[in-house]
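Coordinate inspection notes
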Amino acid sequence: MNSLRKFFDKIKPNFEEGGKLHAFRSLYDGFDTFAFVPNTTAGRAGTHVHDAIDSKRIMSLVVIALVPALLFGMYNVGYQNALAAGQLEQATFWGMFWYGFLAVLPKIIVSYIVGLGIEFTVAQWKNEEIHEGFLVSGIIIPMIVPVNTPLWMLAIATAFAVIFAKEIFGGTGMNIFNVALITRAFLFFSYPSSMTGDDTVWVAQNTICGLGFNVPDTFSAATPLGELAAGSALTSSLCNQICGLIPGSIGETSVIAIAIGACLLLCTGVASWKTMLSVFVGGALTAMLYDATLDPGNIGAHIPWYQHLVLGGFCFGAVFMATDPVTSARTEGGKWIYGLLIGFVAVTVRVLNPGYPEGMMLAILLMNLAAPLIDYCFVSRNISKRAKRAIKQ
């Protein structure tokens, strides 16, 4: 590490004012502050809380928490390919994993190249430091799309989200919508057939570098939520739904892998347990309500409440996107309301709108919009109560 520090110090003058590489100052600063904790502070004047953990370290912890879901997603891509080809007995664990790795890696690369390219350009243009928020968004985006999403679609959607859902608001910390979810929403509404229209989007169909199997063109595989939307009973077992061996978006299927990431976020204090818990409570209570009141013909309304929580992107959204500190509610009381409403809207959309069985994306985006109002109400209430106490004294 000392040699790396010396290397950065040696080349630093080239990127400072007057240096021959000054045009790439933001690029140098981004790599330097990512590799090492900055040695500057907010200043000695005024009130500041000094901490060794900066936003880049927080983002790094979130990325680490995402790794279990990402790795399992890669394996599941290979598993679904072998299962669809009828070659599961001939497939090996590492063969399926490396197949999924090669299928997912290009999406991660495209996501980071497009997103970071825009962020580097904007930072240099505004003569500011590079915003670190896309470190997380760049890895979440490939995890919440089907494996067969074309790379050019992913590139367009990522560019749209970074520009219009982030940079136009002022960059990291200023955006009101979750960037990764805006990417998925753009894909969903602009290219619906590539997201949900053709069941085969959920299973990789061709070999890659000699790995995997070719799947017949006639093959179709619906996600569990797709089955419910079609009015069919679930064909996958609860065990597979929890383990994640089902068709779905790359990183959203395994409850166990997501739970590992959730434990890391909660133990480090990066994510709010109130927001996370309230999402699950809101979803469970809403599922119980519909199970007790809706017509028996609505199959989605009458599956057990706990299955609503393990299907689709519910767990992934509750753990990694509802808890986004920028776009979620920040008051302690507001976090409960914010999470409960996400759970309520997600299950409501899933049950009452068969054409759109995955309601988590819409639920979080709607609550992103409502979060400032929720916080305003709690802050105003708190101010009012304190004013009354002051008058009494």
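My aim in this report is to walk through the structure given alongside it, one point at a time.

Criteria and cut-off values
- Residues numbered from 1 in each chain as written.
- Predicted model: local features only at pLDDT ≥ 70, side-chain atom pairs only at ≥ 80, totals over all residues.
- Heavy atoms only, no water.
- Helix = DSSP H or I, 4+ residues; strand = E, 2+ residues; numbered from the N terminus.
- Buried < 20%, exposed > 50% of the residue type's maximum accessible area, 1.4 Å probe, protein only.
- Contact = heavy atoms within 4.5 Å.
- Areas by Shrake-Rupley, 256 points an atom, 1.4 Å probe, with all protein chains shown as cover.
- Expected span 1.5 Å × (residues − 1).
- Core = buried A, V, L, I, M, F, W, Y, C linked by side-chain atoms within 4.5 Å.
- Salt bridge = Lys/Arg side-chain N within 4 Å of Asp/Glu carboxyl O.
- Phe/Tyr/Trp six-rings, centres within 6.5 Å; stacked < 30°, edge-to-face > 60°.
- Patch = residues over 30% accessible without salt bridge, like charges linked within 9 Å, V, L, I, M, F, W, Y side chains within 5 Å.
- Lys, Arg positive; Asp, Glu negative; His and termini not counted.
- Charge placed at Lys NZ, Arg CZ, Asp CG, Glu CD.

**Topic: the overall build of the protein chain**
- On a plain count of helices and strands, the protein chain comes out with 16 helices and 0 strands.
- Taking all 393 residues of the protein chain together, the buried fraction comes to 48%.
- The contacts of the protein chain with a sequence gap of at least 6 include a subset with a gap of at least 24, amounting to 70%.
- For the protein chain, the exposed surface amounts to about 19000 Å²; the carbon and sulfur share of it is 66%.

**With respect to helix H6 (residues 151-164)**
- In this model H6 runs 20 Å from its N-terminal to its C-terminal C-alpha over 14 residues, within 8% of the 20 Å that 1.5 Å per residue would give.
- Regarding H6, the residues found buried are Met153, Leu154, Ala157, Thr158, Ala159, Ala161 and Val162.

**Some remarks on the nonpolar core**
- Membership of the largest hydrophobic core comes to 94 residues, with the highest contact counts inside it found for Leu66, Ile140, Phe316 and Ile342.
- By size, the runner-up hydrophobic cluster in this structure holds 5 residues, among which are Ala84, Val203, Val215 and Ala221.

**Observations concerning the pattern of salt bridges**
- A full pass over the atoms with the stated rule returns 4 salt bridges.
- As a salt-bridge pair, Lys335 and Glu332 come within 3.2 Å of each other at their nearest N and O atoms. Linking Lys335 with Glu332, this pair stays in helix H15 (residues 332-352), spanning 3 residues, or about one helical turn.
- Overall, the relative accessible area of 40% leaves Glu332 in the partly exposed class.
- Where salt bridges share partners, they join Lys274, Glu332 and Lys335 into one cluster.

**Some points on the environment of Asp375**
- Following the sequence through the fold, Asp375 ends up in helix H16 (residues 360-392).
- Take Asp375: its relative accessible area is 13%, and that puts it in the buried class.
- Considered as a pair, Asp375 and Lys335 are 40 residues apart in the sequence and their alpha carbons are 8.6 Å apart.
- The residues contacting Asp375, other than those within four sequence positions of it, are Ser328, Ala329, Arg330, Thr331 and Gly334.

**Some thoughts on the packing of aromatic side chains**
- All told, the structure shown has 19 aromatic pairs when counted by the stated rule.
- Ring geometry for Phe186 against Tyr191: centres 6.4 Å apart, planes inclined by 65 degrees, an arrangement best described as edge-to-face.
- Ring geometry for Phe188 and Phe189: centres 5.0 Å apart, planes at 90 degrees, overall edge-to-face.
- Here Phe188 falls in the buried class, since its relative accessible area comes to 13%.
- What links up through ring pairs into an aromatic cluster is the set Phe72, Tyr75, Tyr79, Phe93, Trp94, Phe97, Trp98 and Phe101.

**Some remarks on a positive patch on the surface**
- A surface patch of like charges, here positive, comprises Arg381, Lys385, Arg386 and Arg389.
- Along the chain, Lys385 falls in helix H16.
- A relative accessible area of 38% means that Lys385 is categorised as partly exposed.

**Quick word on the side chain of Thr158**
- Summarising the element assignment, Thr158 is placed in helix H6.
- What makes Thr158 buried here is its relative accessible area of 0%.
- Excluding its chain neighbours within four sequence positions, the residues that come into contact with Thr158 are Ser111, Val114, Gly115, Phe134, Ile141 and Thr183.

Take it as geometry only, folks, not as evidence of what the structure does.
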